[in-house]
Amino acid sequence: MEPRYIVVGGGLAGLMATIKICEAGGSVDLFSLVAVKRSHSVCAQGGINGAVNTKGEGDSTWEHFDDSVYGGDFLANQTPVKEMCEAAPGIIFLMDRMGVPFSRTPEGLLDFRRFGGTKHHRTAFSGATTGQQLIYACDEQVRRWEVAGKVRKYEGWDVISAVLDKEGICRGIVAQNLVTMEIKVFRGDAVNLATGGPGMIYGRSTQSVICTGSIAGQVYQQGAYLGNPEMIQVHPTAIPGADKLRLMSESARGEGGRVWTYRDGKPWYFLEDMFPAYGNLVPRDIATRAIYQVCYDMKLGVDGQPVVYLDLTHIDAATLDRKLGGILEIYEKFIGDDPRKVPMKIFPAVHYSMGGLWVDFDAMTNIPGLFASGEADYQYHGANRLGANSLLSAIYGGMVSGPAMMQYAQGLKKSCADIPQSVFDAELKRQQNATEKLYNMRGNENPYLLHKELGEWMSEHCTIVRYNKNIQKLEEHIQVLMERYQKLGLPDTGRYANQSVIFARNLWNMLEYGRAIAVGALNRNESRGSHYKPEFPERDDENFLKTTKAKWTPNGPALEWEEVDVQYIKPRPRRYDVDKEASK
Amino acid sequence: MAEVIRLRVKRQDGPGAAPYWEEFDIKYRANLNVIAMLQDIQQNPVNAKGQKTTPVVWGCNCLEEICGECAMVINGTPRQACSALVDKLTKPITVEPLSKFTIIRDLYIDRAKLFNALKKVNAWIPIDGTYDLGQGPKQPPAKADWMYKLSQCMTCGCCAESCPNYSDKSDFIGPAAISQVRLFMNHPTGQLHRDELVDNIMGNGGIADCGKSQNCVRVCPKEIPLTTSLADMNREALKRWFSRGLRF
Ligand SMILES: Cc1cc2nc3c(=O)[nH]c(=O)nc-3n(C[C@H](O)[C@H](O)[C@H](O)COP(=O)(O)OP(=O)(O)OC[C@H]3O[C@@H](n4cnc5c(N)ncnc54)[C@H](O)[C@@H]3O)c2cc1C
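On a predicted model such as this, the values are computed, not experimentally measured, just so you know.

K.L.:
Would you mind showing me how to read the pairing of strand 1 (residues 4-11) of chain B here?
P.N.:
All names here are of chain B. Burial of strand 1 is one-sided: the residues I5, L7, V9 and R11 facing one way are buried, the residues V4, R6, R8 and K10 facing the other way are not. Looking at chain direction, strand 1 and strand 2 (residues 20-27) are connected through eight bridges and run antiparallel. Counted as the bridge partner of R8 is E23 from strand 2.

Okay, here's the thing in structure tokens:
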């Protein structure tokens, strides 16, 4: 019998995995909370990296690889990063062939701009809505496969758990329809979680509201490891907002934007001052800490507020419109000022998770048959992601995981069709009961308020600057929230399109995942990339050049440590005030 | 006393159920948008009469006007709720679901029709495969910029909502899908398939159903030149009609 493939997630990673499977003759059941075209990948603004070296700068895939590993403070396994960087130019050409309207040079070739953490023009872009354009191209190809009968879409479904057989092998999923609220089980020989990041654990972030990390948090409770959950990227430049922290892409600095504040009544370009070699294009963790220091330690935020300026006003308006139009519009629409005329006010915001489901080099979690790709996995970015590397890792992740699912499924001795119905019924029943319990909760805790509180605690204690005693307090408070969760009262008990019940279920998974972030952070007593502890200000390779692997237990996360693959580039100190030393 | 904003929401418990209005008072703060108001109701589901009620059901995702999910009719105009800032809206603020689609519940709607239209017109580049086939075709930069504009369509449905010819009673696929055909037939690879692409909008529900009301271009949140696309495609269809005639 033909193997059955389930892809959960229609962002770039899930769509690319789907295309790869269809192209190789398979068919896919594709699940997504929203129409796949509306997935969070649409938010990506600045661009996608690939060392095509069109500007005579001597760029190479090796240099891209070295920048990425160095940028990630040597925590990423090097083999997959190397392969990703080697595939990058081909991926950009493929996207071009699929019709992505990349910005072009006068010769009609692809244009590239600069991004943080590199000295090369390596970032291909479509105005300032690159993610949107990339996902539209993939969405169109998947629609083509849908018309050809190879893809069956389940849009508007929440995948709520994995079905594991007696041997602990993944045999399918349970999902709930967001409209009819029907809970159903689906058989699959290989399941790919391409479900994106967990930004909502922090309440407000630059991520979309469906980025809860809920299903990752769920399969973690079913035995999947989380890799480096503590590695959360805080982006230096976002617009503070009541409902969302909206990103101002790094491409603003890539195109010449400067960050400053007043000191002694005069503009102080502090990034250029502190990091002469890279200036405004230092990696995100570095810029974020500098802004934090300027605002909180030196109390030099603009008007005493925790904001600094991101300034584009010295660049001519026509260039800005062509290269950054999309993000300038966001600032204008949501703040009302014209960034061509006045500097933008920005502050750092939680943005991306380098950590995620632990996977092997073939994108499989420690649960056989359960794969992960895209932002949901932990594979490519170590302790800090370079800008424009994650559209790349999402697409590349799909290119690896799709074929890997097929190879795995074709090698199975028993297919999901041979597994007794009782296995599927048991997981279905378990989820139906859990949901029924939620419907009947009549306490006085509102799930949305509980979530708000989780976000505030996470943001305060586990972001830019981390102190052990605060993280400890956070971990304890998460347990308090877990107790209060038992007293939830759902504001809606209807049996049709009930968003409260879905949200409440996700909230529990966010609490579990959040706790793993806290415990991972607590136990990493060093500073590396985005993870910064003033009490341990140095990187400590001897003790912590290791992947955190968090395993769920009823008493909280249990940590294990895994050696990092550093076979190509020997770890060296990471500095951005001076030029990077050559690695080869 | 903090300023309070009145929000009137057109609610409906399910498809076919009778709609009703419910009003809410939301505390004002700087940069408040319609989404944040609806989020407030989730956290405190009490209406303006002080009665407990259920949170309003609606769809949203990116909150930066790029995913197209939160389209609704706000003060009579179809638009995205995330970019609807309270400071710029007349009060009280009314919100209603897009009316041209199946209403699932409250403001939450089913827009499968829009995606089916994209299937019908084959809105994609027919690549040979995702294998390493080298660079894509060269393109004039000005044309790439122009295609980028058309390519920003989020399939939100605002154009369809505003179009008098788009309804349950007609098969008209709407302005968005037709504009996509214009995008694809101008791509160097799509150009190789111009005729088939134009054929796709010449039958029932195609370009001939456009009544030229020009409403679509006025409401498009991405300012896509939809009426130019429609006029262009009308011309292409005419050319194609003549050339097909000559070949018989
Ligand atoms: C504002 C912003 C700007 C960015 N800019 C850039 C940039 O310029 N360059 C760059 O490289 N990166 C950028 N990034 C990062 C990048 O956009 C994301 O990391 C990447 O798009 C993630 O893609 P993905 O396929 O992994 O997941 P997503 O696009 O998040 O897709 C996740 C999918 O999973 C589905 N899903 C999730 N849970 C479930 C469930 N339980 N059941 C069913 N379906 C589910 C969702 O519906 C969705 O389809 C940016 C991120 C943000 C927030």
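K.L.:
Quick question: what am I supposed to make of the site of the ligand here?
P.N.:
All names here are of chain A. In the neighbourhood of the ligand, 38 residues make up the surrounding shell, with S32, S39, S41, E375 and L391 lying closest. Within the backbone of G47, a nitrogen or oxygen atom sits 2.9 Å from a nitrogen atom of the ligand. Contact between the ligand and S390: a nitrogen atom at 2.9 Å from a side-chain N or O atom of the residue. Contact with the protein chains covers 98% of the free accessible surface of the ligand, which is 1000 Å². Of all the secondary structure elements, the ones that give two or more residues to the shell around the ligand are helix 1 (12-23), strand 2 (28-32), strand 7 (157-164), strand 17 (344-353) and helix 10 (390-410). Broken down by class, the residue content of the shell around the ligand amounts to 18 nonpolar, 17 polar and three charged.

K.L.:
Before we go on, may I ask you to explain the confidence of the model for chain B in this structure?
P.N.:
As a note on interpretation, predicted positions should not be read in detail where pLDDT is low. Taken residue by residue, chain B gives an average pLDDT of 96. The fraction at 70 or more is 99%. Interface predicted TM-score (ipTM) for the complex: 0.97; the corresponding pTM is 0.97.

K.L.:
How should I be thinking about the packing of aromatic side chains in this particular structure?
P.N.:
Each aromatic ring pair is described using two quantities: the centre-to-centre distance and the angle formed by the ring planes. Residues and elements named next belong to chain A. In total, this model carries 24 aromatic pairs over all chains according to the counting rule given. Centroid distance F31 to Y154: 4.5 Å. Interplanar angle 10°. Geometry classified as stacked. With F31 in strand 2 and Y154 in strand 6 (residues 151-155), this pair connects stretches of sequence that are 123 residues apart. The same class applies to F31 and to Y154, which are both buried. Look at F544 and W561: their rings are 5.7 Å apart centre to centre, the planes differ by 70°, and that puts the pair in the edge-to-face class. With F544 in helix 15 (residues 541-544) and W561 in strand 21 (residues 558-563), the pair connects residues that are 17 residues apart, well separated along the chain. Judged by its relative accessible area of 10%, F544 is buried. By way of ring pairs, the aromatic residues F31, Y154, W157 and F186 are connected into one cluster.

K.L.:
Help me out: how do you make sense of the sheet that holds strand 3 (residues 71-74) of chain B in this one?
P.N.:
Strand pairing within a sheet occurs via backbone hydrogen bonds; the two strands may be parallel or antiparallel. Residue and element names in this part refer to chain B. Taken in spatial order, the five strands line up as 2-1-5-3-4 in an open sheet, and their pairing is mixed. Every other strand in the sheet has two partners, leaving strand 2 and strand 4 (77-80) as the edge strands with one partner each. Ignoring strand direction, the axes of neighbouring strands in this sheet form an average angle of 35°. In terms of strand pairing, strand 1 meets strand 5 (residues 93-96) through three bridges, oriented parallel. If you follow R8 over to strand 5, its bridge partner there is T94.

K.L.:
Help me understand the interface of chain A and chain B, please; the structure alone is not making it clear to me.
P.N.:
A common measure of how large an interface is: the accessible area buried when the components associate. Facing 67 residues of chain A, the contacting portion of chain B comprises 71 residues. When chain A packs against chain B, the two sides together hide about 5900 Å² of surface, and 52% of this comes from carbon and sulfur. Considering only the surface of chain A that becomes buried against chain B, R38, R97 and F334 of chain A emerge as the three largest contributors, covering 15% of it. Summed over the shared surface of chain A and chain B, the result is six salt bridges. Taking the shortest distance from any N to any O, the salt bridge between E146 of chain A and K119 of chain B comes out at 3.3 Å. Between chain A and chain B we count 35 residue pairs in polar contact (both at pLDDT 80 or more) in total. At nine residues, the largest contribution of residues to the side of chain A that touches chain B is made by helix 4 (residues 130-147) of chain A.

K.L.:
Looking at this structure, I do not really get unusual backbone geometry. What am I missing?
P.N.:
Comment: phi is negative for the bulk of residues other than glycine, and the bulk of peptide bonds are trans. For the bond from K91 of chain B to P92 of chain B, the omega torsion is -10°, close enough to zero to count as cis. By the element assignment, P92 of chain B lies in the loop between strand 4 and strand 5. The residue F74 of chain A is not glycine, and still its phi comes out positive at about 70°. By the element assignment, F74 of chain A lies in the loop between helix 2 (61-71) and helix 3 (78-97). For F74 of chain A, a relative accessible area of 0% translates into the label buried.

K.L.:
Explanation requested: the nonpolar core in the structure shown.
P.N.:
The nonpolar side chains of a soluble globular protein tend to be buried with one another. Residues I48 and M95 of chain A together with L7 of chain B are the most contacted members of the largest nonpolar core, which totals 186 residues. No other element matches helix 10 of chain A, which puts twelve residues into this core. Not counting residues within four places of it along the chain, the set of residues in contact with M95 of chain A comprises M16, V100, F102, L134, C138 and I395 of chain A. With 73 residues, the next largest nonpolar core counts I173, M200, W358 and I502 of chain A among its residues.

K.L.:
Help me understand the packing of helix 5 (residues 214-221) of chain A against helix 14 (residues 499-523) of chain A, please; the structure alone is not making it clear to me.
P.N.:
When two helices pack together, their arrangement is given by the angle between the helix axes and the distance between those axes. Residues and elements named next belong to chain A. It is the contact of helix 5 with helix 14, at a shortest axis distance of 8 Å, that shows an interaxial angle of 70°. Between helix 5 and helix 14, the angle falls in the class roughly perpendicular. Every residue of helix 14 that contacts helix 5 at S214, A216, G217, Q218, Y220 and Q221 is listed here: N506, W508, N509, E512, Y513 and A516. Residue composition of the contact of helix 5 with helix 14, grouped by class: five nonpolar, six polar and one charged.

How each quantity is defined
- Throughout this document, residue positions are counted from 1 along each chain, in the order its sequence is written.
- Each chain is given a letter, starting from A, and each ligand a number, starting from 1, according to the order in which they appear as written.
- Local features in this predicted model are restricted to residues of pLDDT 70 or higher, and side-chain atom pairs are both shown and tallied only at a pLDDT of 80 or more, whereas totals for entire chains, interfaces and linings draw on every residue.
- Heavy atoms from the whole structure form the basis of all side-chain values; hydrogens and water molecules are not counted.
- Only protein chains enter the accessibility calculation, which uses a 1.4 Å probe; a residue is then buried when its area is under 20% of its type maximum, exposed when over 50%, and partly exposed in between.
- Think of it this way: any DSSP run of H or I at least four residues long counts as a helix, any run of E at least two long counts as a strand, and we number them from the N terminus.
- Criterion used throughout: strands pair if DSSP finds at least two bridges between them.
- Note on definitions. A residue lies near a molecule or strand when any single heavy atom of the residue is within 4 Å of it.
- N or O atoms closer than or at 3.5 Å make up a polar contact, with two conditions inside protein: a donor-capable atom paired with an acceptor-capable one, and, for residues adjacent in sequence, both atoms drawn from side chains.
- In this description, accessible areas are obtained by the Shrake-Rupley approach with a 1.4 Å probe, and a residue is regarded as covered only by the protein chains that are shown.
- Each residue is assigned to one of three groups, with Ala, Val, Leu, Ile, Met, Phe, Trp, Tyr, Cys and Pro labelled nonpolar, Asp, Glu, Lys and Arg labelled charged, and all others, Gly among them, labelled polar.
- Per-residue confidence from the prediction method is given by pLDDT, with values spanning 0 to 100.
- Between rings of Phe, Tyr and Trp, where Trp is taken as its six-membered ring, a pair exists when centres lie within 6.5 Å; planes separated by under 30 degrees are stacked, by over 60 edge-to-face, and by other angles tilted.
- A fitted line through C-alpha atoms serves as each axis, taken over the contacting stretch for helices, and the angle formed by two N-to-C directions is quoted from 0 to 180°.
- Contact criterion: two residues are considered in contact whenever any of their non-hydrogen atoms come within 4.5 Å of each other.
- As a working definition, buried area equals the accessible area (1.4 Å probe) given up by two parts on being put together, with both sides summed.
- A pairing counts as a salt bridge when a side-chain nitrogen of Lys or Arg comes within 4 Å of a carboxyl oxygen of Asp or Glu.
- Joining through side-chain atoms within 4.5 Å is the link that ties buried Ala, Val, Leu, Ile, Met, Phe, Trp, Tyr and Cys residues into a set, and such a set is a nonpolar core.
- Angle categories are assigned with fixed cut-offs, so that under 35 degrees is roughly parallel, over 145 is roughly antiparallel, 65 to 115 is roughly perpendicular, and the rest are oblique.

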